[in-house]
Amino acid sequence: MMHAQLTPLIEPSTPLLLPSPKRLPATKDLNDIIQAFLEAEEASGLGHRDIAACVRCMASSARDLLTHPMLGLEDPEGRALPSDLPPVIDAHVHLFPDRIFEALWRWFGRHGWPIRYPLHSPQVIEFLLSRGVHHLVALHYAHKPGLAAWMNQYMASLCQQEPRLTCVATVLPGEPNASLILEEAFALGLRGVKLHCHVQCFSPDAPEMHVIYETCVKHNQPLIMHAGREPKSPAYPCDPHLLCHVSRIERVLLDYPTLQLCVPHLGVDEFDGYADLLERFDHLWLDTTMVLADYFPVAPPISMLNRRPDRLLYGTDFPNIPYAWDREIRHLLAMNLPAETLHALFFQNAARFYQIPHA
Ligand SMILES: [Zn+2]
């Protein structure tokens, strides 16, 4: 079933800036607000500092976790997923409007790592689907008030063109009309909410979060929230170690027993604390993104894969990665996990969390 959808493969030697099959019909309003946003930052003298903060959480680092600059890896990439895999949902893909993506890549080039796949949104989608990934979950986040609604519209325009794409909404905690912004996004077809404590400078148990949790619960929408305290950087506008702690997530789980909550990157770096929460709360989920790719100098908590295989989602952070697109999945396959675990990790759990049709 999965392979019937394969399109001709792009040879590994093909330059990575692939031709876009079609331009997205972005609205003039959306382009205007992004342009204004970028120009305002330039004029302020801050340059792309705030955009840098958006990605800093992934690219930079804790002194003990990462070193600067991180190197790109020239590891070989596969032409497609192995033919004997169950269907694969990549539950952690990033899509942004072109100019924001480009600003992120400029920052990565200076401070993070070489972006191996500098692809715009339509090319990201084409790249992964053409290599046999069954379905993508697309994430983004807004770091300024007034930006989320437009970015959600952009995501909705992508999803309307590709049924194998689940697009997740965002909002800035504390911004006016946060509930309305999310409800409008859900009405556009977006599924779930993505938040990022580091980029958006909030604590999971902050007062402004209640309206977001309540809106998710009311509309039966899941929430994915980067609430792990790493990677942190001294250049970061907020200190993630002050904002984030596993005990704050425990409080949220206790307060909202019907909220389906996913913490990405296996909760790095409080692995033991998140493993404990995973045992105790059936509405907590974690994703594997980048942590199991053998790139960062961390000891991956492999035992989680055996203890709660029903609560872990496979994800990649594509396209903002410094290594081969299939590196993480190859490492997971090398672990010789049971077939049921692979099916849950690669497909079933994400399908349940985001209510993705199995067809
Ligand atoms: Zn990410």
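Scroll up for the structure.
Residues numbered from 1 in each chain as written. Predicted model: local features only at pLDDT ≥ 70, side-chain atom pairs only at ≥ 80, totals over all residues.

### As for the overall build of the chain
Point 1. Looking only at helices and strands, the chain has 14 helices and 9 strands in total.
Point 2. Classification of the 359 residues of the chain by burial places 46% in the buried group.
Point 3. Of the contacts made within the chain by residues no fewer than 6 positions apart, 81% connect residues no fewer than 24 positions apart. (Helix = DSSP H or I, 4+ residues; strand = E, 2+ residues; numbered from the N terminus. Buried ≥ 20, exposed ≤ 12 C-beta atoms within 10 Å, placed from the backbone. Contact = placed C-beta atoms within 7 Å.)

### Quick word on the environment of His 241
Point 1. Along the chain, the position of His 241 falls in helix 9 (residues 240-243).
Point 2. Along the primary structure His 241 and Pro 231 are separated by 10 residues, whereas in three dimensions their C-alpha atoms are 9.6 Å apart.

### Here we look at the packing of helix 6 (residues 178-187) against helix 8 (residues 210-218)
Point 1. Taken N-terminus to C-terminus, the directions of helix 6 and helix 8 make an angle of 30°; their axes are 9 Å apart at the nearest point. By the angle between their directions, the pair helix 6 and helix 8 is classed as roughly parallel. Helix 8 is crossed by helix 6, and the crossing has right-handed handedness. Two secondary-structure elements touch here, helix 6 through Ala 178, Ser 179, Leu 182 and Glu 183 and helix 8 through Val 211, Ile 212 and Thr 215.
Point 2. Residues belonging to the contact of helix 6 with helix 8 are distributed by class as follows: 4 nonpolar, 2 polar and 1 charged. (Axes fitted to C-alpha atoms, helices over the stretch in contact; angles between N-to-C directions. Parallel < 35°, antiparallel > 145°, perpendicular 65-115°, else oblique. Left-handed = near helix turned anticlockwise from the far one by under 90°. Nonpolar A, V, L, I, M, F, W, Y, C, P; charged D, E, K, R; others polar.)

### A few points about the sheet that holds strand 9 (residues 312-313)
Paired through their backbone hydrogen bonds, the strands of a sheet run either parallel or antiparallel.
Point 1. Judged by pairing direction, the sheet is parallel, and its 6 strands sit side by side in the order 4-5-6-7-8-9 without closing on themselves. Looking at which strands have only one partner, the edges of the open sheet turn out to be strand 4 (169-170) and strand 9.
Point 2. Sheet topology places strand 5 (residues 193-196) next to strand 6 (residues 223-226); 4 bridges connect them, and they run parallel. Bridged to Val 193 within strand 6 is Leu 223. (Pairing = 2+ DSSP bridges.)

### Here we look at the nonpolar core
Point 1. Grouped together as the largest cluster of nonpolar side chains are 98 residues, with contacts concentrated most on Val 93, Val 137, Ala 138, Val 168, Val 171, Val 193 and Ala 350.
Point 2. Counting residues per element, this core draws most heavily on helix 14 (residues 339-354), which supplies 9 residues.
Point 3. Every residue in contact with Ala 138, bar those within four places of it in the chain, is listed here: Val 93, Leu 95, Met 155, Leu 158, Leu 165, Thr 166, Cys 167 and Val 168. (Core = buried A, V, L, I, M, F, W, Y, C linked by C-beta atoms within 7 Å.)

### Overview of helix 11 (residues 271-280)
Point 1. Regarding helix 11, the residues found buried are Phe 271, Tyr 274, Leu 277 and Leu 278. Axial view of helix 11: buried residues confined to an arc of 125°, hence all on one face. Of the exposed residues in helix 11, those oriented more than 90 degrees away from the buried face are Asp 272 and Arg 280.
Point 2. Among the structural elements, helix 10 (246-255), strand 7 (261-263), strand 8 (284-287) and helix 12 (303-307) are those in contact with the buried residues of helix 11. (Arc of directions from axis to C-beta.)

### Quick look at the sheet that holds strand 3 (residues 165-167)
Point 1. Pairing is parallel across the open sheet formed by 3 strands, whose spatial order is 1-2-3. The sheet terminates laterally at strand 1 (89-94) and strand 3, the two strands that pair on one side only. With direction set aside, neighbouring strand axes in the sheet form an average angle of 25°.
Point 2. Inspection of the sheet shows strand 2 (residues 135-139) paired to strand 3 by 3 bridges, in the parallel sense. Each bridged residue has a counterpart across the sheet, and for Val 137 the counterpart in strand 3 is Thr 166.
Point 3. Against the sheet, helix 4 (residues 121-130) makes contact with strand 1, strand 2 and strand 3, and its axis sits at roughly 160° relative to strand 1, the strand it touches most.
Point 4. This element, helix 5 (residues 148-159), spans strand 2 and strand 3 of the sheet and lies at about 165° to strand 3.

### Notes on the pairing of strand 1
Point 1. The buried fraction of strand 1 amounts to 6 of the 6 residues, a majority that puts the element mostly inside the structure.
Point 2. Direction of pairing for strand 1 relative to strand 2: parallel, over a ladder of 4 bridges. The partner of Ile 89 across the bridge, within strand 2, is His 135.

### Quick word on unusual backbone geometry
Point 1. Between Val 268 and Asp 269 the backbone carries a cis peptide bond, its omega angle lying at 5°.
Point 2. Mapped onto the fold, Asp 269 is located in the loop between strand 7 and helix 11.
Point 3. Here the residue pair Phe 318 and Pro 319 is connected by a cis peptide bond, since its omega of 10° sits within 30 degrees of zero.
Point 4. Even without glycine at this site, Leu 266 takes up a positive phi of about 55°.
Point 5. Tracing the sequence through the fold places Leu 266 in the loop between strand 7 and helix 11.
Point 6. Of note, Asp 317 is a non-glycine position whose phi angle comes to about 75°, a positive value.
Point 7. For Asp 317, a count of 19 C-beta atoms within 10 Å corresponds to the partly exposed category.

### Focus on the pairing of strand 2
Point 1. Of all the 5 residues making up strand 2, 5 are buried; the element is thus mostly covered by neighbouring parts of the structure.
Point 2. Of the two faces of strand 2, the one lined by His 135, Val 137 and Leu 139 and the one lined by Leu 136 and Ala 138 are each fully buried.
Point 3. Assessed by its sense of winding, the connection that carries the chain from strand 2 through helix 5 to strand 3 is right-handed. (Right-handed = clockwise from strand over helix to strand, strands pointing away.)

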